[in-house]
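# Structural overview
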Amino acid sequence: MTEGKNRQWILNARPASKMTGEEFRWNEASIPKPSDGQVLVRNLWLSFDPAQRVWMSRDSYMPKVPLGDVMRSLAVGQVLESRRPDLKLGDIVRGSFGWQDYAATDGKSFFGIHKLPPGLPPNLALSLFGLNGLTAYFGITEIGQVKAGETVVVSGAAGATGSIAGQIAKIKGSRVIGTAGGKEKCDWLVKEAHFDAAIDYKNEKVGEALTRHCPKGIDVYFDNVGGDILDAALARLARGARVVICGAISQYNNEGPFRGPSNYMSLLVNRARMEGFVVIDYMSRYPEAMAEMAGWIADGRLITREDAIEGFERFPEALQALFKGENVGKLVLKVADE
Ligand SMILES: NC(=O)c1ccc[n+]([C@@H]2O[C@H](COP(=O)([O-])OP(=O)(O)OC[C@H]3O[C@@H](n4cnc5c(N)ncnc54)[C@H](OP(=O)(O)O)[C@@H]3O)[C@@H](O)[C@H]2O)c1
């Protein structure tokens, strides 16, 4: 624990396009005091999410981070002091606690504050039982409405969300094809993460590979990346297909507007539907999803993978790793021991 100091990364400038790391400024503040209704949390693990790049420069489903504020980040932390009746010293909680050692918070952010069940490994609270697993769960079951026998394509498939989405689609009885960058990720998807096939979008022609792997078309396309891969999938939809708009990481570094799909008339031709969603809208149903996923983990049908790094000074560099495809599974940073 850092004696008397709260290390922070402050958002100092908005990126023009690609991040350089220069957008952040190191700061050392004093440890905050919680007021009535707040808790003081010491961060244990922090989450890296592509959405953070969006929060740095644009208003989206939540406002962009104001310049001069601590960078917004989901985190798991331990309660050091509580002025709320529902939380006590030692509780492990998840919330939006920011790139810093300590946060005094009332939990009234978009993500709320959630007490974790005893025994749950804190890092899993950011991956499988965090936004990624929950996004995968509700995206596949509620928006994708995946059914047995269908053909499902997942982009960004070796990442935190995509790897779980594909496995859940498989558990639901579908055939699952993933797209990911590089042979190593594609091998992992097929050999370990239960995918039926994987397309290395950096070395293969995605459209041709999709035609080969999906001879009857794509029933559900779970999109994490947008851009060319979205267009290639739209061109190969089956009748009545569902396109799940989970994210569009290929567009987040764009200086101007995000590039939209050009093959959208395929939705008309194929009587298909394209629908976006934000996982926090399902907050009241997180326990149901967590219980079901815990069962799949226990019976071996669902695996998770994490890229855990250490070093508080590495935040700006680590966020860029997501955009270079350096992570497999969930990228998290360990800040402190429990
Ligand atoms: N709707 C929601 O509520 C919600 C919630 C959480 C996340 N999301 C979205 O889900 C998506 C995945 O997020 P995640 O946290 O699971 O991240 P992640 O997939 O673990 O990491 C990002 C991955 O994206 C791939 N990538 C980076 N640049 C790319 C590009 N230009 N084209 C294609 N792929 C690229 C990289 O893998 P490769 O090596 O394969 O390129 C990288 O490893 C993001 O779009 C995110 O915004 C949405």
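The preceding data block contains the structure.
So, a few notes on the structure that sits alongside this text. (Residues numbered from 1 in each chain as written. Predicted model: local features only at pLDDT ≥ 70, side-chain atom pairs only at ≥ 80, totals over all residues. Heavy atoms only, no water.)

In this section: the nonpolar core. Core analysis: the biggest nonpolar cluster contains 86 residues, and Phe48, Trp99, Leu189, Tyr286 and Met293 have the highest contact counts within it. Apart from the residues within four sequence positions on either side, Phe48 is in contact with Trp99, Ile309, Phe315, Ala318, Leu319, Leu322, Lys330, Leu331, Val332 and Leu333. Counting residues in each nonpolar core, the second largest holds 21 residues, with Ala209, Ile218, Leu230 and Leu237 among its members. (Core = buried A, V, L, I, M, F, W, Y, C linked by side-chain atoms within 4.5 Å. Buried < 20%, exposed > 50% of the residue type's maximum accessible area, 1.4 Å probe, protein only. Contact = heavy atoms within 4.5 Å.)

Next up on the list: the sheet that holds strand 12 (residues 237-245). Taken in spatial order, the six strands line up as 10-9-8-11-12-13 in an open sheet, and their pairing is parallel. Where the open sheet ends on each side, the last strands, each with one partner, are strand 10 (197-200) and strand 13 (273-276). Pairwise comparison of adjacent strand axes, ignoring direction, gives a mean angle of 15° for this sheet. Bridge count for strand 8 (residues 151-154) against strand 9 (residues 175-180) is four bridges, and the pairing is parallel. Looking at strand 9, one finds that Val154 is bridged to Gly178. Those strands touched by helix 5 (residues 206-213) are strand 8, strand 9, strand 10 and strand 11 (218-223), and its axis lies near 165° from that of strand 10. (Pairing = 2+ DSSP bridges. Helix = DSSP H or I, 4+ residues; strand = E, 2+ residues; numbered from the N terminus. Axes fitted to C-alpha atoms, helices over the stretch in contact; angles between N-to-C directions.)

Below, the discussion takes up helix 6 (residues 227-234). Across the eight residues that make up helix 6, a large majority, seven, are buried. For helix 6, the full list of buried residues reads Gly227, Ile229, Leu230, Asp231, Ala232, Ala233 and Leu234. Taken together, the buried residues of helix 6 touch strand 9, helix 5, strand 11, strand 12, helix 7 (265-269) and strand 13.

The next thing to look at is the packing of aromatic side chains. One pass over the structure, following the stated rule, counts twelve aromatic pairs. Judged by centre distance (5.9 Å) and plane angle (55°), the rings of Trp55 and Phe111 are tilted. One end of the pair, Trp55, is in helix 1 (residues 51-57); the other, Phe111, is in the loop between strand 6 (102-105) and strand 7 (114-115), and 56 residues separate them in sequence. Judged by its relative accessible area of 5%, Phe111 falls in the buried class. Cluster of aromatic residues (ring-pair linked, three or more members): Trp9, Phe24, Trp26, Phe48, Trp99, Phe312 and Phe315. When the ring centre of Phe312 is taken as reference, the NZ or CZ atom of Arg7 above it lies at 4.4 Å. The residue whose ring lies beneath Arg72 is Trp55, and the NZ or CZ to ring-centre distance is 5.3 Å. (Phe/Tyr/Trp six-rings, centres within 6.5 Å; stacked < 30°, edge-to-face > 60°. Lys NZ or Arg CZ within 6 Å of the ring centre and 35° of its normal.)

Below, the discussion takes up unusual backbone geometry. In this structure, Gln145 is a non-glycine residue whose phi angle is positive, near 50°. Position of Gln145 relative to the elements: it lies in the loop between helix 2 (131-143) and strand 8. Unusually for a residue other than glycine, His194 sits at a positive phi of about 70°. Within the element layout of this structure, His194 appears in the loop between helix 4 (183-191) and strand 10.

This part takes up the site of the ligand. Around the ligand, a shell composed of 26 residues is seen, among which Thr161, Lys185, Tyr201, Tyr252 and Asn327 lie nearest. Isolated, the ligand exposes 920 Å² of accessible area, and the fraction of that covered by the protein chains is 91%. At the level of elements, helix 2, helix 3 (160-171) and helix 9 (315-324) are the ones that each hand at least two residues to the shell around the ligand. Here the residues of the shell around the ligand are counted per class, giving 14 nonpolar, eleven polar and one charged. (Near = heavy atom within 4 Å. Areas by Shrake-Rupley, 256 points an atom, 1.4 Å probe, with all protein chains shown as cover. Nonpolar A, V, L, I, M, F, W, Y, C, P; charged D, E, K, R; others polar.)

Limitation: the analysis is restricted to geometry and does not speak to function.
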